[in-house]
Every structure is written in structure tokens, then in C-alpha cells.
Amino acid sequence: MSRLERMRQQMLAENIDAYVVIRPENGRYMSGFTGGEATLFITSERACLLTDFRYIEQARVQAPDFEIVKTGLDHFEVLSELGQKAQRVGFEGDFITFLGYERLKDALPQAELLSLPDLVSHLRSVKDKSEIELIRKAVRIADDAFAEVLKTVDIGQTEEEIGLNLEYAMRRAGASGGSFDFIVASGIRSSMPHGTASSKQIKSGEFLTMDFGAIYQGYCSDITRTVFLGEPEEKHREVYEIVLAAQLAGIKAVAPGRTGKDVDAVARKIITDAGYGDYFGHGLGHSVGLAIHEGPNLNMREERVLEPGMVITVEPGIYIPDWGGVRIEDIVLVTETGCEVLTQAPKDFIIFE
Ligand code: GLY
Ligand code: MN
Ligand code: MN
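Summarised in this report is the structure supplied together with it. Everything quoted here is computed from the prediction, not taken from an experiment. (Residues numbered from 1 in each chain as written. Chains lettered and ligands numbered in written order. Predicted model: local features only at pLDDT ≥ 70, side-chain atom pairs only at ≥ 80, totals over all residues. Heavy atoms only, no water.)

## Looking at the overall build of the chain
Here comes step 1: Looking only at helices and strands, one finds 10 helices and 20 strands in the chain.
Here comes step 2: For the chain, whose C-alpha radius of gyration is 22 Å, the value lies close to the compact-globule estimate of 20 Å for 353 residues.
Here comes step 3: Taking the principal axes of the C-alpha coordinates as reference, the chain spans close to 70 × 40 × 35 Å.
Here comes step 4: Across the 353 residues that make up the chain, the buried fraction comes to 54%.
Here comes step 5: Within the chain, contacts between residues separated by at least 24 positions form 65% of all contacts whose residues are at least 6 apart in sequence.
Here comes step 6: For the chain, the exposed area adds up to about 15800 Å²; of that, 51% sits on carbon and sulfur atoms.
Here comes step 7: The chain carries 37 positive and 55 negative side-chain charges, and their two centres are separated by 3 Å. (Helix = DSSP H or I, 4+ residues; strand = E, 2+ residues; numbered from the N terminus. Rg over C-alpha atoms; globule rule 2.2 N^0.38 Å. Buried < 20%, exposed > 50% of the residue type's maximum accessible area, 1.4 Å probe, protein only. Contact = heavy atoms within 4.5 Å. Areas by Shrake-Rupley, 256 points an atom, 1.4 Å probe, with all protein chains shown as cover. Lys, Arg positive; Asp, Glu negative; His and termini not counted. Charge placed at Lys NZ, Arg CZ, Asp CG, Glu CD.)

## Points about the coordination of the manganese ion (ligand 2)
Here comes step 1: Around the manganese ion (ligand 2), the protein supplies Asp211 (OD), Asp211 (OD), Asp222 (OD) and Glu329 (OE) as donor atoms, at distances of 2.0 to 2.6 Å.
Here comes step 2: Binding-site remark: the manganese ion (ligand 2) is held by donors from one chain whose sequence spacing is D-x10-D-x106-E.
Here comes step 3: A distance of 3.2 Å spans the gap from the manganese ion (ligand 2) to the manganese ion (ligand 3), which Asp222 bridges by coordinating each metal. Here Asp211 is found in strand β9 (residues 206–212), whereas its partner Asp222 is found in the loop between β11 (219–220) and β12 (223–229), with 11 residues between them in sequence.
Here comes step 4: Here Asp222 falls in the buried class, since its relative accessible area comes to 3%. (Donors = N, O, S within 2.8 Å, 3.2 Å for Na, K, Ca; no water.)

## Some remarks on the environment of Leu99
Here comes step 1: Counting through the fold element by element, Leu99 comes out in helix α5 (residues 98–107).
Here comes step 2: Leu99 gets classed as exposed once you look at its relative accessible area, which sits at 65%.

## What about the pattern of salt bridges?
Here comes step 1: Going through the model one piece at a time under the given rule, you end up with 27 salt bridges.
Here comes step 2: In this structure, a network of salt bridges that share partners links the residues Arg3, Asp128 and Glu131. (Salt bridge = Lys/Arg side-chain N within 4 Å of Asp/Glu carboxyl O.)

## A word on the sheet that holds strand β1 (residues 18–21)
Here comes step 1: Spatially, β4-β3-β2-β1-β5-β6 is the arrangement adopted by the six strands of the open sheet, whose pairing is mixed. Only two strands of the sheet have a single neighbouring strand rather than two, namely β4 (67–71) and β6 (112–115). Averaged over all pairs of adjacent strands, the angle between strand axes in this sheet comes to 25 degrees, irrespective of strand direction.
Here comes step 2: Alignment of β1 against strand β2 (residues 39–43), held across four bridges, turns out to be antiparallel. (Pairing = 2+ DSSP bridges. Axes fitted to C-alpha atoms, helices over the stretch in contact; angles between N-to-C directions.)

## Here we look at the side chain of Thr226
Here comes step 1: Among the structural elements, Thr226 can be located in strand β12.
Here comes step 2: Judged by relative accessible area, which is 1%, Thr226 ranks as buried.
Here comes step 3: A polar contact of 3.2 Å, which involves the side chain of Thr226, links it to the side chain of Thr209.
Here comes step 4: One polar contact links the side chain of Thr226 to the main-chain carbonyl oxygen of Arg327, over a distance of 2.8 Å.
Here comes step 5: Sequence-distant contacts of Thr226, defined by excluding residues within four places in its chain, comprise Phe207, Leu208, Thr209, Tyr240, Gly325, Val326 and Arg327. (Polar contact = N/O pair within 3.5 Å; in protein donor to acceptor, adjacent residues only side chain to side chain.)

## Regarding the coordination of the manganese ion (ligand 3)
Here comes step 1: For the manganese ion (ligand 3), the full set of protein donor atoms is Asp222 (OD), His286 (NE2), Glu315 (OE) and Glu329 (OE), at a range of 2.0 to 2.2 Å.
Here comes step 2: The coordination sphere of the manganese ion (ligand 3) comprises six donor atoms, whose angles at the metal cover 53 to 156 degrees; the geometry is irregular.
Here comes step 3: Positions of the donor residues of the manganese ion (ligand 3), expressed as sequence spacing, correspond to D-x63-H-x28-E-x13-E. (Tetrahedral: all angles 85-135°; square planar, octahedral: opposite > 155°, others 65-115°.)

## A short note on the sheet that holds β9
Here comes step 1: Pairing is mixed across the open sheet formed by four strands, whose spatial order is β8-β9-β12-β20. Across the chains shown, the open sheet's two edge strands, defined by having one partner strand only, are β8 (183–186) and β20 (351–352).
Here comes step 2: Looking at chain direction, β8 and β9 are connected through four bridges and run antiparallel. Bridge pairing in β9 places Ser186 opposite Leu208.

## What to know about the side chain of Arg189
Here comes step 1: Relative to the helices and strands, Arg189 resides in the loop between β8 and β9.
Here comes step 2: Residue class for Arg189 comes out buried when judged on its relative accessible area of 18%.
Here comes step 3: A polar side-chain atom of Arg189 sits 2.4 Å from a polar atom in the side chain of Glu159.
Here comes step 4: The contacts of Arg189, once residues within four sequence positions are left out, are Glu159, Val184, Gly195, Thr196, Ser198 and Lys200.

## Comments concerning the nonpolar core
Here comes step 1: Counting residues in hydrophobic clusters, the biggest one holds 63 residues, and the most contacted among them are Met30 and Met210.
Here comes step 2: A total of 11 residues in this core trace back to one element, the largest contributor, which is helix α7 (residues 129–150).
Here comes step 3: Every residue in contact with Met30, bar those within four places of it in the chain, is listed here: Arg3, Leu4, Met7, Leu40, Ile42, Phe66, Val120 and Leu123.
Here comes step 4: Membership of the second largest hydrophobic core comes to 29 residues, among which are Ile242, Ala267, Ile318 and Ile320. (Core = buried A, V, L, I, M, F, W, Y, C linked by side-chain atoms within 4.5 Å.)

## A closer look at the packing of helix α1 (residues 3–13) against helix α6 (residues 118–125)
In helix packing, the relevant descriptors are the interaxial angle and the interaxial distance, both defined with respect to the helix axes.
Here comes step 1: Where α1 meets α6, the axes come as close as 10 Å, and the angle between the chain directions of the two elements is 130 degrees. The angle between α1 and α6 places the two elements in the oblique class. Crossing handedness for the pair α1 and α6: right-handed. For the pair formed by α1 and α6, the contact residues are Arg3, Arg6, Met7, Gln10 and Met11 on the first element and Leu119, Val120, His122 and Leu123 on the second.
Here comes step 2: Taken together, the residues that form the contact of α1 with α6 break down as five nonpolar, two polar and two charged. (Parallel < 35°, antiparallel > 145°, perpendicular 65-115°, else oblique. Left-handed = near helix turned anticlockwise from the far one by under 90°. Nonpolar A, V, L, I, M, F, W, Y, C, P; charged D, E, K, R; others polar.)

Functional significance is not addressed by these values, which are geometric in nature.
Quick look at the structure:
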């Protein structure tokens, strides 16, 4: 069944006669249009892509299943006519701005507007074959960049330099860019789960955490590896091994039918039992696809159930303020029986003498 057909099934189930898409990833997923600045207006009979002069040609080529409707910069100006019969209209309440919502109300005064943010994201959560191939490629690009950059890591380099080298290697391999602001955090900065690369130089006696990823044809990858520079103390080895054990157990627990909460609990228990529970303050993972962070997640609240075709990260960490931290992150594909680990970069404790 096509994405449009599945979308219409969901619209029927929600008893809405039209749906407005403005989130770029959702628009791309539904239509194929990569230009970002488009609004989709989908009814049971019509599928319209609203965009302005700059994108008309591109939209005609990329979104053959959509009627391309030319607008001014305000896409909603044509909705009064397109949507004049619509009575119940869904929209992405988690994305539209307050002003956008006011404009939508003005354009469709007769309609009841319903915030239904999960309609497209629900479809996006299970990836099809072509999406999985693109994610595999994005993962491979990140794996290869890690292997390449690891050979050049040297005491005295700045975190920014390492981040730049990772990005350069990935772009040379076909990535259109990084999938987020890379985290390169060394020494005590590695206790910041989201310590983006700084001008700090790396030195001996420190952890170095690198969290990065590629975008390949719109699809994201996300990998974290933590290595050690110089001679580790016993506690460095201990913390690394606990995080690795939690990560491996988390991967083993990923299977269809399990909730995100179940899987999180398995990995979290290992860290908690080792006495570091207070130092693992984020969820175990998140889905990836056209966006770097998608649902469902693996965390303490996630009730959604995993299904084959979902692609999700497993990324436990231990972060000790003023000491340092370790995170290890892979991407896995949920299969009929468990999961396949897509990330291939090694996870043993890498030490730079
Ligand atoms: N880059 C943050 C994460 O791994 O989700
Ligand atoms: Mn990451
Ligand atoms: Mn991640």
C-alpha cells in the first residue's frame, strides 16, 4: 500500500476529511519533495503540494503523485479555496507556530481543527526496504569515517578539529552533511552527555567521546564511541565495561513486542546494579530516519511497542561530573526475531598509548 493510501486509512480512522503537513520531514516522506518549504494538503480525493515560485519545477519532478499548487510565500493563502468543504482538518500541533495556527484558522473558518501530530510520524516509525538501505549507507559512512579519523587522532588536537575531520570524511564519502552538531568531549567535558566539540585540546589520561552521524539522501545515522588517551586507571576500565555490558544487554533485549520501557529497563538495571544509576540520566535510545530523533524511544516512559522495520539507537552512558563519562551508541534494525546491529565500528576499549 502506498504512503498516501496508508495516510488516508489513518485519516478515515480519525474521522478527518483533510490533513495539513508542514513539518519538512513529513512532507518529504509523503511526497518525495526534498525542498523543505512546502505544505501538503491531503484529502480523500486530492493530494496537493503547496509551494512558491522557487520550488515549482523541483516539486513537479520529485512529487509526481501530488498536484503542485503555486502560492506566494504564505502557503495557507490557497487553503480557503482548496479546503472550503473540509469539516474536520488535522494538523501537526507539535510543529506549527502560534501564528501559523491563527493563519490556518483564518483560512478554514468553517472547519474544526484537530491537533494530530502522530499521523505521519506513526507511518515513518516503520521503515520500508528503500529507507533501510539508505540508513545502512548512512551508518556505513559514519563507521568508515570513525575508522579513518581514529588513525589521525593525536594528543594536542582540539575537539573541534576531530569533529571537522569526521565531517570531512563523511562528506567525502557522499554524506550531504552531519546529522546534528557533533559531540566531541574529552576529559572532564566527557561527563556532559551533549558537550559539543570545543577548542579544548585532547590530552593524555582522558576519555574522548565522539558522537556524530551522517545524512545520506535525507536519512540519518548516529554513533557514539568513547576511547581513552594514555594509561587508564582501574575506574576508567570499570566504567567502560559497565556501559558496554549495559549496551550489549540493551541490544539483546530489542525485539518486536517489547516496549521501549522494557528495553530501557534491561540496560538501566546493569548500570544501577553496578552503583552508577544516578549517573545515567537520559533514555536508552531513540528512533532515527529522516530526523535524527524520532519515535518510538527507548526510555523509562515509552509504552510504544517495537515492530520489525523500526530503526533505533541503543546508547547507555555513565557521566560523572568532574571526572568524565562514557557513552556507546549503535543503531539497530528491529527484525522479526530480535534485531540486527547496523553499526560495525569496534566497541572494545580502544586505548591510544
Ligand atoms: N546526538 C545525540 C544522540 O545521540 O541522540
Ligand atoms: Mn548520538
Ligand atoms: Mn542518539
